[in-house]
Amino acid sequence: MAIFQFEESTKIGTVFSVDTSTLIVKVEQLEKLRKLQVNHLIAIKSSKAGQHLIGIINRITRKVSDDENPVSDDLGLTNFLLTENILKVNLIGTLIDKHGEKENLFKRTLDTVPEIEANCFPIDGENITKFMRTISSKENYDIPLSLGKYSIDENAEAYLDGDKLFQRHAVIVGSTGSGKSWCVAKLVEQIAKLPMANSILFDIHGEYSGTDFKADGIQHFKIANPSDLGKTGNLENNVLMLPYWLLTYEEMLAMLLDRSDSNAPNQAMVFSKTVFNEKIKYLESIGDTEFKHSITIDSPIPYKLEDVLDEIKRLDTTDKQPGAKAGTTKAGPFVGKLTRFIQRLEAKKQDKRLGFLFQVTKDELEIDWMNKLCNSLMQGSKHNTQKSGIKVIDFSEVPSDVLPLVIGLVARIVFTVQQWTANDKRHPICLLCDEAHLYIPERTSQDSATELGLKNFERIAKEGRKYGVSLTVISQRPAEVNRTVLSQCNNFISLRLSNAEDQSVIKRLLPDNLSGLTDVLPILDIGEALVVGDSSLLPTRILIDEPTIKPQSATIDFWKEWSNEKAEQDIPSAVIGLRKQSK
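### Side note on the overall build of the protein
- A tally of regular secondary structure across the protein gives 16 helices and 21 strands.
- Overall size of the protein, expressed as C-alpha extent along the three principal axes, is 110 × 65 × 50 Å.
- Going through the 583 residues of the protein one by one, you find that 51% of them count as buried.
- For the protein, the share of sequence-separated contacts (at least 6 apart) that also reach a separation of at least 24 residues comes to 69%.
- Total accessible area computed for the protein in this model is approximately 28400 Å², and 49% of it derives from carbon and sulfur atoms.
- Both charge centroids of the protein, one from 71 positive and one from 80 negative side chains, sit 5 Å from each other.

Written out as structure tokens, the structure reads:
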């Protein structure tokens, strides 16, 4: 049965003019005009039977009386229209009463445009509730995805299409204090309930790693800090080492090589040959017969960095080769040319801040260690040893200068493992990238390590859909997030954005007929979001429900705390943590 049964008496007006996706509606009665609001929905009778076109009110203009002058020469309409009460309406889709066996189907396409003088009706009261329930994607899933309620009708649950949200990548943005972390928590909370959930949350500030952010289906990891170095069984204790041998040749050089050094080409060549030889030696030492004849310099095969360092030192100091005369020797071709490279390598190796990369134990030098790492991070809830589909990785103690490279390394491992997985065994995974502007930056004047990390995310954004890898970009500064990555995202959940530059980024990413929706971004309430994209049939405002798991991101009440005589501080413990580089 059709959800819309409009009576003639409820008509607000008729179509006055039609553009490709824009209407001008003439409203005869001023009382009806007063009840309408910008961004509310109206239904327009289609030229096809059993169909209504759905539009969003973009502008409301009252006609000018005889003793008034227009406030402007151009309101986007001709001056002639100032003699009528008019609405400017953007068409967003078609509601079909019956399509095959389906009833009340909403499509985001316009098969027809309305005829001149077509009747227009407001969608309000019970009609808005019925319509919102119709466009929600609840019936497609056993466990539907909902972030909250619709702002225009708090009786209707705001369901999103979970498939389309993650298939086409998503963006969650909002100024600080707008409720962005709660929105992420609400999303994570629902993913965790799925029987084969599979997502990784990059937690940059540790706000999703607190005691209040614990629930069934959520597992917490942290990157090893100096106090974890030298210990065995770190992975079993949810402490992640990311050993140097996981890095590609280019990533290692980005950390170690000074491109301005005149000997840089020699240093790169020697390092490449030595590392490759050490990987072959390692495979020989464990009696391998599977990989030895097929690996490349980038193959993630363990090797001992100490042995690489010893060989490079030998080439730099004591290497000899036959001289011009028989029985004589001379210094090797690289003597004295590798000194600065050795110094940089030793400095990185001894830096405890980078211990999770360079100070590995015998655990991380086992050939099957990478299998264990990938199983821990990439297995779905049912197969995971802790039955956890959400893996939160705390990067808060990783030095900022290597943060893009390290997160890019994790993202690259996930992507390449998915790429090499057989199609019938490939299980989709989502990367939730909190504070994305820190490691997926727009600025192009980056060092080579940051550039390599960024390229990994750009590749995932472009190609990840084919291999079941989804990105959810989360940031308070969309203007500082890489444009290539944002351009591949087809779903936008935007909470309040105060900055005009950030607003313009979101506006440019939306279709022209929806760009006017961004005018509400600076006036959204805390916890209210504008949702636009493939996951939501209708661009709409949603009131985010409070999550049961809470991130440590609550805004501190300065005045109340300053007024609290019993407030406590513990600066000595903070100083100790600063010195130990661990919390």
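### Thoughts on helix H2 (residues 126-135)
- Most of H2 is tucked away: seven of the 10 residues are buried.
- Taken together, the buried positions of H2 are occupied by Asn127, Ile128, Thr129, Phe131, Met132, Thr134 and Ile135.

### A few points about the nonpolar core
- Formed by 151 residues in total, the largest nonpolar core has its most connected members in Phe131, Phe202, Phe271, Phe395 and Leu431.
- If we ignore the near neighbours within four places in the chain, the residues touching Phe202 are Ile393, Phe395, Ile407, Val410, Leu431, Leu432, Cys433, Asp434, Tyr439 and Phe457.
- Listed in part, the 16 residues of the second largest apolar core include Val27, Ile42, Val89 and Cys120.

### Things to note about the pattern of salt bridges
- Going through the model one piece at a time under the given rule, you end up with 27 salt bridges.
- The shortest N-O distance in the salt bridge between Arg340 and Asp261 comes to 3.7 Å. Within this pair, whereas Arg340 is found in helix H8 (residues 339-350), its partner Asp261 is found in the loop between helix H5 (249-256) and helix H6 (264-285), the two being separated by 79 residues in sequence.
- Across the salt bridge formed by Glu306 and Lys349, the nearest N and O atoms sit 3.6 Å from each other. Note that Glu306 is positioned in helix H7 (residues 305-317) and Lys349 in helix H8, a separation of 43 residues in sequence.

### Details of the sheet that holds strand E9 (residues 153-160)
- Judged by pairing direction, the sheet is mixed, and its 12 strands sit side by side in the order E9-E8-E21-E20-E19-E10-E18-E17-E11-E16-E12-E13 without closing on themselves. Edge positions in the open sheet fall to E9 and strand E13 (239-240), since each of these has one partner strand only.
- Pairing geometry for strand E20 (residues 528-533) and strand E21 (residues 536-544), over five bridges, is antiparallel. By the bridge assignment for E21, Leu530 is matched with Arg541.
- Contacts between helix H10 (residues 369-378) and the sheet are confined to strand E11 (199-203), strand E12 (218-223), E13, strand E16 (390-394) and strand E17 (429-433), with E16 contributing the most and set at about 115° to the helix.

### Structural notes on unusual backbone geometry
- We note that Asn104 has phi near 55°; this positive angle belongs to a residue other than glycine.
- Summarising the element assignment, Asn104 is placed in strand E6 (residues 102-107).
- The exposure class assigned to Asn104 is buried, which follows from its relative accessible area of 12%.
- Notably, Lys387 is not glycine yet its phi reads approximately 55°, a positive angle.
- In this structure, Lys387 sits in the loop between H10 and E16.

### Overview of the environment of Tyr150
- Assignment of secondary structure puts Tyr150 in strand E8 (residues 145-150).
- For Tyr150, a relative accessible area of 2% corresponds to the buried category.
- Along the backbone, Tyr150 and Arg34 are 116 residues apart, and their C-alpha atoms lie at a distance of 23 Å.

### Observations concerning the layout of surface pockets
- Each pocket or cavity is described by its volume, and for the largest pocket that value is around 1100 Å³.
- What lines the largest pocket is a set of 34 residues, among which Met370, Cys374, Thr416, Val417 and Trp420 lie closest to the centre.
- Tallied by class, residues from the lining of the largest pocket come to 15 nonpolar, 14 polar and five charged.
- The space that makes up the second largest pocket amounts to roughly 700 Å³.

### Looking at helix H12 (residues 448-463)
- In this model H12 runs 22 Å from its N-terminal to its C-terminal C-alpha over 16 residues, within 8% of the 22 Å that 1.5 Å per residue would give.
- Listed in full, the buried residues belonging to H12 are Ala449, Thr450, Leu452, Gly453, Leu454, Asn456, Phe457, Glu458, Ile460 and Ala461.
- Buried-residue contacts for H12 involve E11, H5, helix H11 (403-419), E17, strand E18 (469-475) and helix H13 (483-487).

Reading guide: rules and limits
- Residues numbered from 1 in each chain as written.
- Predicted model: local features only at pLDDT ≥ 70, side-chain atom pairs only at ≥ 80, totals over all residues.
- Heavy atoms only, no water.
- Helix = DSSP H or I, 4+ residues; strand = E, 2+ residues; numbered from the N terminus.
- Buried < 20%, exposed > 50% of the residue type's maximum accessible area, 1.4 Å probe, protein only.
- Contact = heavy atoms within 4.5 Å.
- Areas by Shrake-Rupley, 256 points an atom, 1.4 Å probe, with all protein chains shown as cover.
- Lys, Arg positive; Asp, Glu negative; His and termini not counted.
- Charge placed at Lys NZ, Arg CZ, Asp CG, Glu CD.
- Core = buried A, V, L, I, M, F, W, Y, C linked by side-chain atoms within 4.5 Å.
- Salt bridge = Lys/Arg side-chain N within 4 Å of Asp/Glu carboxyl O.
- Pairing = 2+ DSSP bridges.
- Axes fitted to C-alpha atoms, helices over the stretch in contact; angles between N-to-C directions.
- 1 Å grid on protein atoms, 1.4 Å probe; cavity = no way out; pocket = protein on both sides within 12 Å on 5 of 7 lines; lining within 4 Å.
- Points joined across faces, edges and corners; volume = space filled by probe spheres on them.
- Nonpolar A, V, L, I, M, F, W, Y, C, P; charged D, E, K, R; others polar.
- Expected span 1.5 Å × (residues − 1).

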